[in-house]
Amino acid sequence: MGGEISILNVNKFFGDFQVLKNVSLEIRKGEFFSILGPSGCGKTTLLRVIAGFEDVQEGDVLLDGESILHLPANKRPVNIIFQSYALFPHLTVFENIAFPLRLKKFTESEIKERVGNLLNLIRMEEHAFKYPSQLSGGQKQRVAIARALANEPRVLLLDEPLSALDAKLRQELLIELDNLHDKVGITFVYVTHDQTEAISVSDRVALMNDGKIIQIGTPYEIYESPVNVFAATFIGETNLMKVDVLEVEEEYYVVEAPGVGVFRCYKDKEAKAGNRLILTLRPEKIRISKQKPMIFENVFHGIIEEEIYMGYQTKYFVRLDEGYIMKVYKQHVRYLLDEPILHWKDEVYVSWDPNDSFIVEVLTS
Amino acid sequence: MKYTAVYVLWLLVLFLVPLSIVVLFSFLEPRVHGGVLWSFSLRSYSYLPQYLRLIWRSAWIAGVSTILTLVLALPVAFYISKSGHKNFLLLLVVVPFWTNSLIRIYAWRVILGNNGVINQFLNRFGLEPVQFLYNPFAVILVIVYTYLPFAILPLFSSMEKVDESILEAALDLGANKREVFVKVLLPNVKAGLLSAFVFVFIPALGSYAIPDLVGGLNSKMIGNEIARQLLIVKNWPVASAMSNLLIVVSLVGILLIMRREKMK
Ligand SMILES: Nc1ncnc2c1ncn2[C@@H]1O[C@H](COP(=O)(O)OP(=O)(O)OP(=O)(O)O)[C@@H](O)[C@H]1O
Ligand SMILES: [Mg+2]
């Protein structure tokens, strides 16, 4: 039922300004695929290219193996949900959803049945005869989805459909969207600049920046093994370190980082002694304790410079003896009964497993 | 609050007082060389039935002109609302107002006249001159020309408020361009259509100079008769009674339109 989209080497300009730079993507049948990137990186433009609202200067867009670039927007078997929902203000919820069906000259009884099913799907039966201005943000969003599904498209394109809602509702609707995706089984292409949204529901994520695709992968791959500095810093928070390779071992490099000291890191990219690397180390992978841990490597001493209590965790900024300020996130779980609570100005030890840091870039030396 | 007082004052001075005078005069006796005699009479209204044909003609000329004006104004307003040079185009729309309207009506006589620009052109190709002036069509043409800006401006301002994305959404859902226009754009500019209707229909119904200058005997409108009664016959009460009738006809027209809107 779902459609498969191939975007092949697409280049798009607005005048002299290049918005899409050689973008290529394979989106699989029935997949929940997210396009994630900062504001202005070209996400909406890419979606509008697929929907048929923007032409491209170079490249091709295939749906199930056939180019759709020559088809106007109203002939493409894909539907888009706009950032603003774009419900018709002069029509009721029922008539909004019936709009595409009336265009296709469905009979009144067919319309009743299909709209009824869709209203049921989005749990909005009792609001069928309200106008959009009488709905809450979340309800509008659901109507927009139902209306887009009425045509039974092969692909549903969603442009930041949750960005106008408050955080709690966003969580709820995201889960709802995920369930809906499982029910209707069509391909979802979901655009967002919110990394948590993208990571929590997608099968795969494409990370975009400045008109280019930076990395494509499962949420796990995107989070755990970012391909470059942008990927590492855009998703989640991290400690970036420039380090010099001192020694090459079988599985690890011995490296020295200014402000930190000498430690081991996992050898996930090829480098030679004397090379300079950029490492990423996620703050939640770092242990922090008052007592010196019983291990001998990757342990550093420092002072808590700042603590931010977040409820479910505390963020610490630890100034290491050599000067580097390391972000460390600690969950509020106490493993030892007498484990002391850490506070501002406390002297602490930070340590991490050499397998938990990743090389994001090898700088030529 | 203090603005309310100013508003009421203006309304009184500029609208209610003159209107009351007209209503009052219509129930009085005429004086021979203009003015009124202060004695109550319904005689003026008893003359009105003989003007039924004139009233009917005024209504259809105004109605047809209004519809044509709206039909022409819609695409123009839409184009301007989507254009990148809105201010410049709006300026072009109001440029004709810089010239006195009588002069512009005379210009049409120069264009359409028996010896006018078009006929001279036709003559060059050996064609017989055509009588463009002095008929209802000339009147309709010039009314449409004169009141087009009054329709474009309110339509433009309501189209500008329509969210571009609902038009794209309609397209996305399978509508072609015509369907987008009829099923989504028009219902969302109803307010603009209504104001455009009012701004065009009412002055068109009361047209005086246009039928006087480009119309013939078969295209005189009620405005011409009011002027004749006032200035030539010097029967003020009859002129007043006809003015009141004009007001009633306009109001009925507008109420009918508004009721149709509500019923939908
Ligand atoms: N019609 C247009 N004409 C010229 N430039 C445009 C046009 N539409 C978008 N742009 C530019 O293209 C770039 C990408 O825009 P786009 O809307 O695709 O970004 P986005 O990733 O969706 O951002 P956001 O997260 O803020 O919605 C921006 O720099 C924008 O200014
Ligand atoms: Mg966008």
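Scroll up to find the structure.
Rules and cut-offs
Residues numbered from 1 in each chain as written. Chains lettered and ligands numbered in written order. Predicted model: local features only at pLDDT ≥ 70, side-chain atom pairs only at ≥ 80, totals over all residues. Heavy atoms only, no water. Contact = heavy atoms within 4.5 Å. Buried area = accessible area lost by both parts, 1.4 Å probe. Salt bridge = Lys/Arg side-chain N within 4 Å of Asp/Glu carboxyl O. Polar contact = N/O pair within 3.5 Å; in protein donor to acceptor, adjacent residues only side chain to side chain. Helix = DSSP H or I, 4+ residues; strand = E, 2+ residues; numbered from the N terminus. Axes fitted to C-alpha atoms, helices over the stretch in contact; angles between N-to-C directions. Parallel < 35°, antiparallel > 145°, perpendicular 65-115°, else oblique. Left-handed = near helix turned anticlockwise from the far one by under 90°. Nonpolar A, V, L, I, M, F, W, Y, C, P; charged D, E, K, R; others polar. Near = heavy atom within 4 Å. Areas by Shrake-Rupley, 256 points an atom, 1.4 Å probe, with all protein chains shown as cover. Buried < 20%, exposed > 50% of the residue type's maximum accessible area, 1.4 Å probe, protein only. Core = buried A, V, L, I, M, F, W, Y, C linked by side-chain atoms within 4.5 Å. Expected span 1.5 Å × (residues − 1). Bend = angle between axes of the 7 residues up to and from the residue.

1. Comments concerning the interface of chain B and chain A
Thought 1: Contacts between the two partners involve 17 residues from chain B, matched on the other side by 21 residues from chain A.
Thought 2: The junction of chain B with chain A conceals about 1,600 Å² of combined surface from both sides, 60% of it contributed by carbon and sulfur atoms.
Thought 3: Along the contact surface separating chain B from chain A lie one salt bridge.
Thought 4: A salt bridge links B:E168 to A:R48; its shortest N-O distance comes to 2.7 Å.
Thought 5: For the interface between chain B and chain A, the tally reads eight residue pairs in polar contact (both at pLDDT 80 or more).
Thought 6: When residues of the side of chain B that touches chain A are traced back to their parent elements, those giving at least two are α8 (164-172) and α9 (177-185) of chain B.

2. Digging into the packing of helix α5 (residues 101-112) of chain B against helix α7 (residues 136-160) of chain B
Residues and elements named next belong to chain B.
Thought 1: With their axes 11 Å apart at the nearest point, α5 and α7 run at an angle of 135° to one another. Comparing their axes, α7 and α5 come out oblique. As for the relative orientation of α5 and α7, their crossing is right-handed in sense. Touching R104, I105, W108 and L112 of α5 are L141, V142 and Y145, all from α7.
Thought 2: Counted by class, the contact of α5 with α7 contains six nonpolar, no polar and one charged residues.

3. Quick notes on the site of ligand 1
Residues and elements named next belong to chain A.
Thought 1: Every one of the 13 residues lining ligand 1 counts as a neighbour, but S39, G40, K43, T44 and T45 are closest to it.
Thought 2: Within the contact set of ligand 1, an oxygen atom lies 2.5 Å away from a side-chain nitrogen or oxygen of S39.
Thought 3: Here K43 contributes a side-chain N or O atom positioned 2.7 Å from an oxygen atom of ligand 1.
Thought 4: Summarising the interface, the protein chains cover 61% of the accessible area of ligand 1, which totals 630 Å² for the free molecule.

4. Overview of the pattern of salt bridges
Side chains carrying opposite charge are able to pair once their charged atoms draw close together.
Thought 1: Across all of its chains, the model carries 28 salt bridges over all chains by this definition.
Thought 2: A:E31 is the salt-bridge partner of A:R204, the closest N and O atoms lying 2.5 Å from each other. Taken together, the residues A:R204 in strand β9 (residues 204-209) and A:E31 in the loop between β2 (17-27) and β3 (32-36) connect sequence positions 173 residues apart. For the pair A:R204 and A:E31, one class covers both residues: buried.
Thought 3: Across the pair A:R264 and A:E297 runs a salt bridge, and its minimum N-O distance is 2.9 Å. Of this pair, A:R264 sits in strand β13 (residues 261-266) while A:E297 sits in the loop between β15 (287-289) and β16 (299-309); the two residues are 33 residues apart in sequence, bridging distant segments of the chain.
Thought 4: Taking the relative accessible area as the measure of exposure, A:R264 reaches 26% and is therefore partly exposed.
Thought 5: Several salt bridges share partner residues, and in doing so they unite A:K12, A:R48, A:E54, A:D55 and B:E168 into one network.

5. As for the nonpolar core
Thought 1: In this structure, A:I5, A:I7, A:L25, A:F88, A:F99 and A:L157 are the most contacted members of the largest nonpolar core, which totals 96 residues.
Thought 2: In terms of residues, this core owes the most to one element, α7(B), which gives twelve residues.
Thought 3: Ignoring anything within four residues of it in the chain, the contact list for A:L157 reads A:L47, A:I50, A:A51, A:V78, A:N79, A:I80, A:I81 and A:V189.
Thought 4: Within the second largest apolar cluster, 37 residues are counted, among which are A:I81, A:L101, A:L119 and A:L165.

6. Overview of helix α1 (residues 2-26) of chain B
Thought 1: The end-to-end C-alpha distance of α1(B), which contains 25 residues, comes to 35 Å, matching closely the 36 Å that a straight helix rising 1.5 Å per residue would cover.
Thought 2: Considering bend angle alone, the principal kink of α1(B) is centred on B:L12 and spans about 45°.

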